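A look at the structure
The residues making up each chain are set out below.
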Amino acid sequence: MADLFASPFFGVALSILAFWIGVKIQKKTRLAVCNPLLIASILVICILLVFRIPYADYNRGGELITLFLSPATAALAVSIYNKIRLLRKNWLPVLVGCTIGSLVSMGSVLLMCRIFGLDEAATASLLPKSVTTSIAVSVAEAHGGIPSFTVVAVCITGILGSIISPFLIRLLRVKNPVAAGLAIGASSHAVGTSKALEIGETEGAMSGLAIGVCGLITVLFSMFLSY
Amino acid sequence: MKIFYQIGIIFGLCWVSEVVASLLPFSFPASVIAMLLLLLLLLTGLLKLEHIREKADFLLANMAIFFLPSLVGIMEYTDILQQYLLPLLLICAVSTVLTFAATALSVRATLHLLERRKHHG
């Protein structure tokens with residue numbers, strides 16, 4: 001029986017089923033805290049713990065799903081290409097906003113990691129946490145971070161961002177949809193973007209654009225950063 | 001069969017990017033190289049959007065599930081997570097607010113400056 005859980009089909013099927021349940025719950029409750037990814041990960045972890053299935057067995061199927069991360073990052077090019085007109089029209093605000101946003105994100109994380117006395121591996125894992133997961137994981141790995149730790153930080157950031165961004169828009173009186181969209185995308189990547197799409201079309205488009213641009217800028221910054 | 005060709009194109013591109021990444025003298029994520037290559041191919045018209053549209057839509061729409069196995073991987077690191085949980089939450093919260101504010105305010109200032117220059121010029 002135990003061997004059956006090591007079949008790749010098990011991991012793939014369990015992941016998809018858990019995610020489907022997560023999406024259903026999100027649709028029912030419409031709460032940002034009920035993030036499908038968060039629910040799905042808790043479900044999978046509970047099942048693995050209850051049935052004493054090793055993570056390595058689950059991950060035989062899990063790896064097949066993770067394989068799609070790089071292609072999904074590449075596909076971001078399509079969403080940038082679809083918004084190329086918007087980018088040409090707003091190239092300066094996009095460039096300024098994403099550069100400053102990425103700098104503040106990495107700078108504030110670095111500073112707080114030092115304050116809390118986190119070690120190098122933990123710091124490297126957290127540093128790229130504001131960009132989309134596949135880019136964040138590559139940056140973290142290149143600097144000796146722990147990928148799982150990065151994914152957790154990226155998910156917390158995304159979920160937090162999608163909850164607080166409507167509140168921040170009111171607090172900071174961000175009336176311009178370009179500014180609001182870029183701020184959401186720069187601070188909370190793809191999870192935030194789904195919230196931005198709910199707020200408005202321009203907000204969603206700018207937020208989606210910020211994912212790719214901030215990802216690129218973060219990669220460039222991290223190359224010159226030694227920590 | 002169409003979706004199969006599209007998978008072939010995107011996966012092929014990812015492999016080429018890994019080759020490029022291994023040849024570079026510095027470390028640069030292969031997935032970002034793939035993104036830049038794909039954008040370049042689309043902009044130059046060498047690749048048409050219809051060549052990859054369905055596959056790209058599938059990847060973009062289902063982005064979140066591709067992170068699930070890595071996120072579940074945290075169960076292997078419960079000791080580190082317990083040790084760092086509070087700082088982790090604090091760091092995420094504070095830097096998310098700061099990043100949002102910095103981006104929103106700098107974009108607003110840039111738009112404001114552009115607007116003023118337009119009126120003067």
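Residues numbered from 1 in each chain as written. Chains lettered and ligands numbered in written order. Predicted model: local features only at pLDDT ≥ 70, side-chain atom pairs only at ≥ 80, totals over all residues.

**Things to note about the interface of chain A and chain B**
Across the contact, 86 residues belong to chain A and 59 residues belong to chain B. Taken together, the residues that form the side of chain A that touches chain B break down as 59 nonpolar, 25 polar and two charged. (Contact = placed C-beta atoms within 7 Å. Nonpolar A, V, L, I, M, F, W, Y, C, P; charged D, E, K, R; others polar.)

**Overview of the packing of helix α1 (residues 2-23) of chain B against helix α3 (residues 49-61) of chain B**
Residues and elements named next belong to chain B. Relative to each other, α1 and α3 sit at 90 degrees, their axes nearing to 8 Å. By the angle between their directions, the pair α1 and α3 is classed as roughly perpendicular. Packed against α1, whose contacting residues are Ile-3, Gln-6, Ile-7, Ile-9 and Ile-10, the element α3 presents His-51, Ile-52, Glu-54 and Lys-55 at the interface. Among the residues making up the contact of α1 with α3, the classes are represented as five nonpolar, two polar and two charged. (Axes fitted to C-alpha atoms, helices over the stretch in contact; angles between N-to-C directions. Helix = DSSP H or I, 4+ residues; strand = E, 2+ residues; numbered from the N terminus. Parallel < 35°, antiparallel > 145°, perpendicular 65-115°, else oblique.)

**Structural notes on the domain arrangement of chain A**
Residue and element names in this part refer to chain A. What the domain assignment reports for chain A is domain 1 (2-67) and domain 2 (73-224). Computed over C-alpha atoms only, the centres of domain 1 and domain 2 are separated by 25 Å. With five residues of domain 1 at the contact, the number on the domain 2 side is six residues. Taken together, the residues of the side of domain 1 that touches domain 2 sort by class into four nonpolar, one polar and no charged. (Domains from an automatic or database assignment.)

**A short note on unusual backbone geometry**
Residue and element names in this part refer to chain A. At Arg-52, a position not held by glycine, the phi torsion is positive, near 50 degrees. Structurally, Arg-52 is set in the loop between α2 (36-50) and α3 (55-66). For Arg-173, which is not glycine, the phi dihedral falls at a positive 50 degrees. Residue placement: Arg-173 occurs in the loop between α9 (147-171) and α10 (177-199). We classify Arg-173 as exposed; it has 9 C-beta atoms within 10 Å. (Buried ≥ 20, exposed ≤ 12 C-beta atoms within 10 Å, placed from the backbone.)

**Here's the deal with helix α8 (residues 133-142) of chain A**
Three or four residues apart is the spacing at which side chains of an α-helix point the same way, because the helix has 3.6 residues per turn. Across the ten residues of α8(A), eight count as buried, placing the element largely inside the fold. Trailing α8(A) by a residue or two, A:Gly144 shows a phi angle of about 85 degrees, which is positive.

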